[in-house]
Amino acid sequence: MNKLIITAAVCGAEVMRRHTPYIPLTPEEIANEACLSREAGASIVHIHVRDQDGNPTQDVKIFRRVVELIRSKYPDVIIQVSTGGAVGMDAEERLQSIYSHPEMATLDVGTTNFGDDIFVNDMPLIRHFAKKMSETNVMPEFECFEIGHVHNALKVVKEGLIKGHLHFDFVLGVPGACTADVRNLIRMVDTIPSNATWTVSGIGKHEFEMAAHAIAMGGNVRVGLEDNIYLSKGVLAKSNAELVEKIVKMSREIGREVANPKEAREMLGIK
Ligand code: KMH
Ligand code: ZN
C-alpha cells in the first residue's frame, strides 16, 4: 500500500474561540499550528485565515503572511489554501487566496446545504476557479460533499480545464450533505479514475472512523480543528498536532507508513 498522506486543516472558517480555546486565529498562530502539524506527520496543510477580529477572510495579504511564516520554517510542507472561504463570500473574494503562491488550493465542485446555510458552487464558478488555478499553476484538490460533486469534477477535467494528476477530498458528515457512512465513501472512491488519489475528511465525531476506513482502503486522511475539535469523546484537542499524531499512530498500528512531504509531492505530482 502507498504511504499515507495526512492533511492538517488547522483552523477553517467556522470554528470560533467559543467552541474551543485552541483554534488558531492570528497569522502567527495559524502558521505555528501548521508547523506543529508538519512535525507530527502532516505533509499537506489546509489553510484558511482570519481577520483581526477572528472572523473568516480571504484577504490575500493575510494568506501571504501565513504562507511566508510556514515556508520560513518548513519549505517542504505542501501548502493548500482554501478557495471555499466561508458561506456567503463572493467568488472573487474567495479566489484571492490562490495569489499567495501555494502549491495547492481547494476547488469546491458543487453546491451543498451546509448546516442552515447554502454553500454555493455552481458550474460557472467551478470552471472559473479551475481556469485560474491552471493559469497560476496551483494544483486543485476537488472538495466533494456529495457524489454528484465527483461528476462535476470529472466534467471540468473532460472539458480540459484541469490537467495533470487528480486528487479528491471526500468531505463526509457535514450537516445537510452526504453522511459519513463507509458505503458513501466506497461509492465515491469507485467513481474516480483509478490513477487518481483521494483523501477523506470525516466531520465532527466521524473524523477518526472515516480515517480508519481510508487508512485500510489505501486512501489518505485529513484531520484538524476545522473538521473536529475533539481528540476523543469530551476531550478537546489542544493542538492540531494531537489529531495528526493520533492518525499516525492508527496508521502505523496496522502497518501503513506515513508519507513525508517529499514523498507526498511525488505521489501527487507536485514539483
Ligand atoms: N468553510 C466552508 C464553507 C474549502 O476550504 O474549500 C468551505 C470549506 C471548503 O471550508
Ligand atoms: Zn476548508
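Refer to the structure presented above.
Residues numbered from 1 in each chain as written. Chains lettered and ligands numbered in written order. Predicted model: local features only at pLDDT ≥ 70, side-chain atom pairs only at ≥ 80, totals over all residues. Heavy atoms only, no water.

Before going further, it helps to examine the site of ligand 1. Taken together, 13 residues form the shell around ligand 1, and within it Glu14, Ser82, Gly85, Thr106 and Asp108 come nearest. Taking His46, its side chain carries an N or O atom lying 3.2 Å from an oxygen atom of ligand 1. Taking Ser82, its side chain carries an N or O atom lying 2.7 Å from an oxygen atom of ligand 1. Contact with the protein chains removes 97% of the 300 Å² of surface that ligand 1 exposes when unbound. (Near = heavy atom within 4 Å. Polar contact = N/O pair within 3.5 Å; in protein donor to acceptor, adjacent residues only side chain to side chain. Areas by Shrake-Rupley, 256 points an atom, 1.4 Å probe, with all protein chains shown as cover.)

Moving on: the packing of helix H1 (residues 27-40) against helix H2 (residues 60-73). The angle between the axes and the distance between the axes are what describe a pair of packed helices. Where H1 contacts H2, the two axes come as close as 9 Å, and the packing angle between them is 40°. Seen from above, H1 lies across H2 with right-handed handedness. Along its contact with H1, which presents Pro27, Glu28, Ile30, Ala31, Ala34, Cys35 and Glu39, the element H2 presents Ile62, Arg65, Val66, Leu69, Ile70 and Lys73. A breakdown of the residues in the contact of H1 with H2 according to their chemical character gives 9 nonpolar, no polar and 4 charged. (Axes fitted to C-alpha atoms, helices over the stretch in contact; angles between N-to-C directions. Helix = DSSP H or I, 4+ residues; strand = E, 2+ residues; numbered from the N terminus. Left-handed = near helix turned anticlockwise from the far one by under 90°. Contact = heavy atoms within 4.5 Å. Nonpolar A, V, L, I, M, F, W, Y, C, P; charged D, E, K, R; others polar.)

A few words now on the packing of aromatic side chains. Under the definition given, this model contains 6 aromatic pairs. Summarising the aromatic geometry, the rings of Phe142 and Phe168 are spaced 5.1 Å apart at their centres and angled 40° between planes, so their arrangement reads as tilted. Pair noted here: Phe142 is in strand E9 (residues 139-144) and Phe168 is in strand E10 (residues 167-172), with a separation of 26 residues, a long-range link. Residue Phe142 is classed as buried on the basis of its relative accessible area of 0%. Among the residues examined, Phe168 registers a relative accessible area of 0% and is labelled buried. (Phe/Tyr/Trp six-rings, centres within 6.5 Å; stacked < 30°, edge-to-face > 60°. Buried < 20%, exposed > 50% of the residue type's maximum accessible area, 1.4 Å probe, protein only.)

With that settled, the discussion passes to the pattern of salt bridges. Two side chains of opposite charge can pair, provided their charged atoms sit close to one another. Evaluated as defined, the whole model comprises 19 salt bridges. Linking Arg252 and Glu257 is a salt bridge whose minimum nitrogen-to-oxygen distance equals 3.2 Å. A relative accessible area of 47% means that Arg252 is categorised as partly exposed. Connected through salt bridges with shared partners, the residues Glu143, Asp169, Arg222, Glu226 and Asp227 form a single ionic network. (Salt bridge = Lys/Arg side-chain N within 4 Å of Asp/Glu carboxyl O.)

As for its placement among the helices and strands, Asn240 is situated in helix H8 (residues 240-253). With residues near it in sequence (within four places) discarded, Asn240 still touches Ala9, Val10, Pro24, Glu33, Ser37, Gly224 and Leu225.

In this section: the pairing of strand E12 (residues 220-223). Residues Asn220 and Arg222 line one face of E12 and the alternating positions Val221 and Val223 line the opposite face, and both faces are buried. Pairing of strand E11 (residues 197-202) with E12 involves 3 bridges; the strand directions are parallel. Residue pairing in the sheet places Ser201 in a bridge with Arg222 of E12. Handedness of the crossover is the feature at issue here: the chain leaves E11, passes through helix H7 (residues 207-217), returns alongside E12, and the resulting connection is right-handed. (Pairing = 2+ DSSP bridges. Right-handed = clockwise from strand over helix to strand, strands pointing away.)

For helix H9 (residues 261-268), the complete set of buried residues consists of Pro261, Ala264, Arg265 and Leu268. Taken end-on, H9 shows its buried residues confined to a sector of 105°, consistent with a single buried face. Projecting away from the buried face of H9 at angles above 90 degrees are the exposed residues Lys262 and Glu266. The distance from a side-chain oxygen at the start of H9 to the backbone nitrogen of Lys262 is 3.0 Å, and the residue carrying that oxygen is Asn260. Immediately downstream of H9, the backbone of Gly269 shows phi near 70°, a positive value. (Arc of directions from axis to C-beta.)

Sheet strands pair by backbone hydrogen bonding; their relative direction is either parallel or antiparallel. Pairing is parallel in the closed barrel, where 8 strands are placed in the order E1-E2-E5-E6-E9-E10-E11-E12. With direction set aside, neighbouring strand axes in the sheet form an average angle of 25°.

Scope: geometric values only; no functional claims are made or implied.
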